[in-house]
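In case you want the letters, here they are:
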Amino acid sequence: MNGTFRVGNLFGIPFFVNASWFLVLGLVTWQYGGALAALFPTLGPVAPWMLGLLAALLLFASVLAHELGHSWVAIKQGIGVKSISLFLFGGLANLDRESKTPAEAFWVAIAGPLVSLFLSGLLTAIGIGAGLTGPAAAIVGLLASINLALALFNLIPGLPLDGGNILKAIVWKITGNPYKGVIFASRVGQIIGWIAIGTGIFGNIWNLVIGWFLLQNAGQSAQYATVQNELAGLTAADALTPESPIVSQDLSLREFANNYVIGSTQTWRRFLVTDDAGQLVGAIDLDDLKTITTGRWPEVLVKELLKPIEFSTTVKPELSLLEVVTLLEQLKVQELPVIRENGVLVGLVEKAEIARLLQRRAQANPA
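Reading guide: rules and limits
- Residues numbered from 1 in each chain as written.
- Predicted model: local features only at pLDDT ≥ 70, side-chain atom pairs only at ≥ 80, totals over all residues.
- Heavy atoms only, no water.
- Helix = DSSP H or I, 4+ residues; strand = E, 2+ residues; numbered from the N terminus.
- Contact = heavy atoms within 4.5 Å.
- Polar contact = N/O pair within 3.5 Å; in protein donor to acceptor, adjacent residues only side chain to side chain.
- Axes fitted to C-alpha atoms, helices over the stretch in contact; angles between N-to-C directions.
- Parallel < 35°, antiparallel > 145°, perpendicular 65-115°, else oblique.
- Left-handed = near helix turned anticlockwise from the far one by under 90°.
- Nonpolar A, V, L, I, M, F, W, Y, C, P; charged D, E, K, R; others polar.
- Pairing = 2+ DSSP bridges.
- Phe/Tyr/Trp six-rings, centres within 6.5 Å; stacked < 30°, edge-to-face > 60°.
- Buried < 20%, exposed > 50% of the residue type's maximum accessible area, 1.4 Å probe, protein only.
- Salt bridge = Lys/Arg side-chain N within 4 Å of Asp/Glu carboxyl O.

Student: Would you explain the environment of Q190 in this entry?
Tutor: The residue Q190 is located in helix 6 (residues 178–200) in this model. Sequence separation between Q190 and N217 is 27 residues, and the spatial gap between their C-alpha atoms is 8.6 Å. Other than its neighbours up to four places away in sequence, Q190 contacts L215, A218 and G219. At 3.0 Å, the side chain of Q190 and the side chain of R187 are in polar contact.

Dropping the structure here:
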């Protein structure tokens, strides 16, 4: 995220703060320092602001503890935590992947609010049991209230809040489809966002800001989940590149040129070559034709110009297109060969063709 600074590690997890965090830190310090100065005039001119800064830092420590709750449960499920970031609206634990089951997703989502509720109860008990008075009692009481508010706010049932992730897990459990859960929880988040904006119009600036935040993030989640759901319902065979560049090794260069190059609307520069059984044996580049005089093209076979080719990964025709896209991203490649169980090459699946397939389906089924 732009404007984000790494400040260290927490239990092996990289910890970042966004530039917006400093804005909130200053606002909380100024607002609460002023409140302490008014409540306790004997503190003098400096102490209220120092205590205000302490309260602001403890506020963000509470947010950090909330995110560590999510992270701890995720790690217990074998999910890596890439980082934890603090920003204007709170915090974010960036996980390697989603939970594998609705129950696991539920526990990751609810862990943060449970930590905040625990801290609220603990701080309340400390404030009462220790008989605190003066600024110490005020700060402890503030932190207890903030942790309670943090838990309750995050339990609002709309993405990207924790309550939205809890709702997603519930819908996932009912429907058996995680993407339907995301879409439903995102729509609820958008509705809550519009409600917040509607109430914010009457003068509550924070409602406007929160409403905008929910609309933006819930809308993005819904779009992403819609695409994922679409991809999960398709296979590699559905996205094969039309007229994939595949030729037989037994073709003469003249047949290859006449049938696949001259007059072709395709712009392939490299063709995959198969043997008599249809299995991948190598590749031939168009530039290789230049090494043979055209007069010899009828007598020279494609296999004589064959170059070895290696694909670190191949996919089967029935593999989910969502898994194919994941592989393409992980391997940082634009295409993968599609090969049947018996080793026969079926064709290529490309990022560009997947995008065109989704575009065609969207045009055929407008929302």
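Student: It is not clear to me how the packing of helix 1 (residues 19–39) against helix 2 (residues 47–76) should be interpreted in this structure. Could you clarify?
Tutor: To characterise two packed helices, one gives the angle between the axes of the helices and the distance between these axes. Where helix 1 contacts helix 2, the two axes come as close as 7 Å, and the packing angle between them is 135°. With respect to helix 2, the axis of helix 1 lies oblique. As for the relative orientation of helix 1 and helix 2, their crossing is right-handed in sense. Contact with helix 1, carried on its side by W21, V24, L25, V28, T29, W30, Y32, G33, G34, L36 and A37, involves P48, W49, L51, G52, L53, A55, A56, L57, L59 and F60 of helix 2 and no other residues of that element. Broken down by class, the residue content of the contact of helix 1 with helix 2 amounts to 17 nonpolar, four polar and no charged.

Student: How do you make sense of the sheet that holds strand 5 (residues 246–248) when you look at a structure like this?
Tutor: The strands that make up a sheet are held in pairs by hydrogen bonds between backbone atoms, and each pair lies either parallel or antiparallel. If you walk across this open sheet you meet the three strands as 5-6-7, and the pairing is mixed. Every interior strand has two partners, whereas the edge strands, strand 5 and strand 7 (280–285), have only one. Going across the sheet, the axis of each strand differs from the next one's by a mean of 40°, ignoring polarity. Packing against the sheet, helix 8 (residues 253–261) makes contact with strand 5, strand 6 (270–274) and strand 7, and its axis sits at approximately 150° to strand 5.

Student: I tried to follow the sheet that holds strand 1 (residues 4–10) on my own but got confused; where do I start?
Tutor: With mixed pairing, four strands are arranged side by side in an open sheet as 1-2-3-4. Bordering the open sheet on either side are strand 1 and strand 4 (90–95), each of which pairs with just one other strand. Across the sheet, the mean angle separating the axes of adjacent strands is 25° when strand polarity is ignored. Judged from the six bridges that link them, strand 1 and strand 2 (residues 13–18) form a sheet pairing that is antiparallel. Bridging across to strand 2, F5 finds its partner in V17.

Student: So what exactly am I meant to see when it comes to the packing of aromatic side chains here?
Tutor: Both the distance between ring centres and the angle between the ring planes are used here to describe each pair of aromatic rings. For the coordinates displayed, the defined rule picks out four aromatic pairs. Taking the centre distance of 6.2 Å and the plane angle of 35° together, the rings of F256 and Y260 count as tilted. Pair noted here: F256 and Y260 are both in helix 8, with a separation of four residues, about one helical turn. Accessibility expressed as a relative area gives 0% for F256, which makes it buried. For Y260, a relative accessible area of 32% corresponds to the partly exposed category.

Student: Even after reading the chapter, I still don't get the pattern of salt bridges, so can you show me in this structure?
Tutor: Any two side chains of opposite charge can pair if their charged atoms end up close together. Overall, the coordinates contain 12 salt bridges when judged by the stated rule. The residue E98 makes a salt bridge to K168 at a minimum N-O spacing of 3.1 Å. Taken as a pair, E98 in the loop between strand 4 and helix 3 (102–129) and K168 in helix 5 (residues 162–175) lie far apart in primary sequence, 70 residues in all. Accessibility expressed as a relative area gives 55% for E98, which makes it exposed. Looking at K168, the relative accessible area reads 7%, which means it is buried. For K303, the salt bridge goes to D250, with nearest N and O atoms at 3.7 Å. Of the two residues, K303 is situated in the loop between strand 7 and helix 9 (321–331) and D250 in the loop between strand 5 and helix 8; the sequence distance between them amounts to 53 residues.

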